[in-house]
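Commentary on secondary and tertiary structure
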Amino acid sequence: MAVLEQTPPAVVQPSAVGPKKGFRKYWHLYAAISPFYLIFLGFGLFPVGFSLYLSFHRWDGLGSMEWAGLSQYRYLLSDSDFWNSIGNTIIIWAMATFPMILMAMITAVMLNSAVRFKSLYRVAYFLPNVTSVVAIAIVFGSIFSTNAGMVNAVLHAVGIDQVAWLNTPWGIKVTIAALMTWQWTGYNAIIFLAGLQTVPSDLYEAARMDGAGPVQTFFRITLPLLRPTLLFVLVVSTVTGLQSFSEPQVLLQTSSNDSTFAGGPGHSGQTMVLYFFQQTFDNNDFGYGAAVAWGIFLVVVLFSIINWRLVQRRGD
């Protein structure tokens, strides 16, 4: 009986193209994408790292830096003005975000069921988002003006006393929230519309055959399947809303304020970013301003995580 000879396993030779040869071979590809990374390094990563380094120093922007250690962060935790700006920002964000998401979802459902002029409606709802924030703020300042504003004119017509919207704490917050709601409702409606178009139409037909009404269909089919889109909209709205700057800055810059970043009477509209600008550019305290910026970053991250967990838990 012949003995079968076993052939030894083939030895896999290491690739002849090492890291150095691979880089030389594909250098033109690396060169093609290098501008993005160079710009990101110079205008993104380096400023972030320098701001963290700066937050441990005292610096007025011109003289030499003085090491401060954690003293600026300790002062930040006890700074009543900073906590006031956090409270203002959270209240304005809540007053703007939740009505905006509700109206955006209703608008998206209406656009999804529309038969004619769908493209025209989408463009019309998206226009506020591409309009200059400064222009929008100026228009809203006129609408909510105490003496000649359209809102007070309507209130006067129905027998309600006029409201000093831009001179009272809650009036300021309502005005800023209304501006942000008007600006972002159409944008988020388009996002919700994209999510609605991914829902299979067979599910709606099956629900109608089972006798489900529009409300039951929305809460049992549409809303659960829109959970990823809702999560995206909520997180993006949290990040943008907690960093609001142009809206209160343009609305509330008056000659009576000591600073254009003061946020109106009693600092009622001073958001966290406005407080950061006030400390950095009005007080020329770049070190403490950097500490405030990192405090803002932590607040935004914390609220984004909370919103993420709440939406995920409701979907489980």
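For the structure, check the block above.
Let me sum up the structure you'll find in this document.

How each quantity is defined
- Numbering of residues starts from 1 in each chain and follows the order in which that chain's sequence is written.
- Note on the predicted model: pLDDT of at least 70 is required for a residue's local features to be given, and 80 or more for side-chain atom pairs to be given and counted; whole-chain, interface and lining totals, by contrast, use all residues.
- Note that the side-chain values use all heavy atoms of the structure and ignore hydrogens as well as water.
- Counting from the N terminus, the helices are DSSP H or I runs at least four residues long and the strands are E runs at least two residues long.
- Classification of residues uses two cut-offs on accessible area relative to the type maximum, computed with a 1.4 Å probe and protein chains only: under 20% is buried, over 50% is exposed, and between them is partly exposed.
- Contacts are assigned to residue pairs that have any heavy atoms within 4.5 Å of one another.
- Surface patches are drawn from residues lacking salt bridges whose relative accessible area is over 30%; two like charges belong together within 9 Å, two nonpolar side chains (Val, Leu, Ile, Met, Phe, Trp, Tyr) within 5 Å.
- Reported accessibility uses the Shrake-Rupley method at a 1.4 Å probe radius. Residues are deemed covered only where the shown protein chains occlude them.
- Salt bridge, as applied in this entry: a Lys or Arg side-chain nitrogen positioned within 4 Å of an Asp or Glu carboxyl oxygen.
- Whenever a nitrogen or oxygen atom comes within 3.5 Å of another N or O atom, the pair is scored as a polar contact, on the condition that within protein one atom can donate a hydrogen and the other can accept it, and that pairs from neighbouring residues in sequence are kept only if both atoms are in side chains.
- All axes are obtained by fitting lines to C-alpha atoms, using only the stretch in contact for helices, and the reported angles, taken between N-to-C directions, cover 0 to 180 degrees.
- When an angle is under 35 degrees it counts as roughly parallel; over 145 it counts as roughly antiparallel; between 65 and 115 it counts as roughly perpendicular; any other value is oblique.
- We call a crossing left-handed when the near helix sits turned anticlockwise from the far one by less than a right angle, and right-handed when that turn is clockwise.
- Residues are grouped as follows: Ala, Val, Leu, Ile, Met, Phe, Trp, Tyr, Cys and Pro are nonpolar; Asp, Glu, Lys and Arg are charged; all remaining types, including Gly, are polar.
- Stacked, tilted and edge-to-face are the three classes applied to pairs of Phe, Tyr and Trp rings, where Trp contributes its six-membered ring and a pair requires centres within 6.5 Å; stacked means planes under 30 degrees apart, edge-to-face means over 60, and tilted covers the rest.

**A word on the overall build of the protein chain**
Across its full length, the protein chain holds 14 helices and two strands. Across the 316 residues that make up the protein chain, the buried fraction comes to 36%. A separation of at least 24 residues holds for 64% of the contacts in the protein chain among residues at least 6 apart in sequence.

**Section: a nonpolar patch on the surface**
Where nonpolar side chains cluster on the molecular surface, the patch consists of Y26, L29, Y30, I33, F36, Y37, F40, L41 and L45 and spans about 950 Å² of accessible area. Along the polypeptide, L41 turns up in helix α2 (residues 27-54).

**As for the side chain of N88**
If you trace the backbone, N88 turns up in helix α4 (residues 80-113). In this structure the side chain of N88 is engaged in a polar contact, spanning 2.8 Å, whose partner is the backbone oxygen of H267. Among all residues touching N88, those that are not within four sequence positions of it are K173, H267, S268, G269 and Q270.

**A word on the side chain of T238**
By the element assignment, T238 lies in helix α11 (residues 227-241). The contact partners of T238, leaving out residues within four places of it in the chain, are W93, F303, S304 and N307.

**So, the pattern of salt bridges**
Overall, the coordinates contain one salt bridge when judged by the stated rule. A salt bridge links R58 to E66, with the shortest nitrogen-to-oxygen separation between them at 4.0 Å. Residue classification places R58 among the partly exposed residues on the basis of a relative accessible area of 38%.

**Considerations on the environment of F261**
Inspection of the secondary structure puts F261 in the loop between α12 (246-251) and α13 (272-282). When the C-alpha atoms of F261 and Y275 are compared, they prove to be 6.8 Å apart, with 14 residues separating the residues in sequence. Not counting residues up to four positions away in its chain, the partners in contact with F261 are F245, Q249, Q270, L274, F277, Q278 and D282.

**Considerations on the packing of helix α8 (residues 169-196) against α11**
It is at 10 Å that the axes of α8 and α11 come closest, and there the two elements cross at 155°. Judged on the interaxial angle alone, α11 and α8 are roughly antiparallel. When you trace α8 past α11, the crossing you get is right-handed. Of the residues in α11, those in contact with M180, N188, I191, F192 and G195 of α8 are T229, L230, F232, V233, S237 and G241. A per-class count over the contact of α8 with α11 returns six nonpolar, five polar and no charged.

**Some words on the packing of aromatic side chains**
Evaluation of the coordinates by the stated rule reveals 25 aromatic pairs. Ring geometry for F144 against W165: centres 5.4 Å apart, planes inclined by 85°, an arrangement best described as edge-to-face. Of this pair, F144 sits in the loop between α6 (133-143) and α7 (150-157) while W165 sits in the loop between α7 and α8, and the two are 21 residues apart along the sequence. Judged by its relative accessible area of 9%, F144 falls in the buried class.

**Re the environment of I91**
Its location among the elements puts I91 in helix α4. The contact partners of I91, leaving out residues within four places of it in the chain, are W170 and K173.

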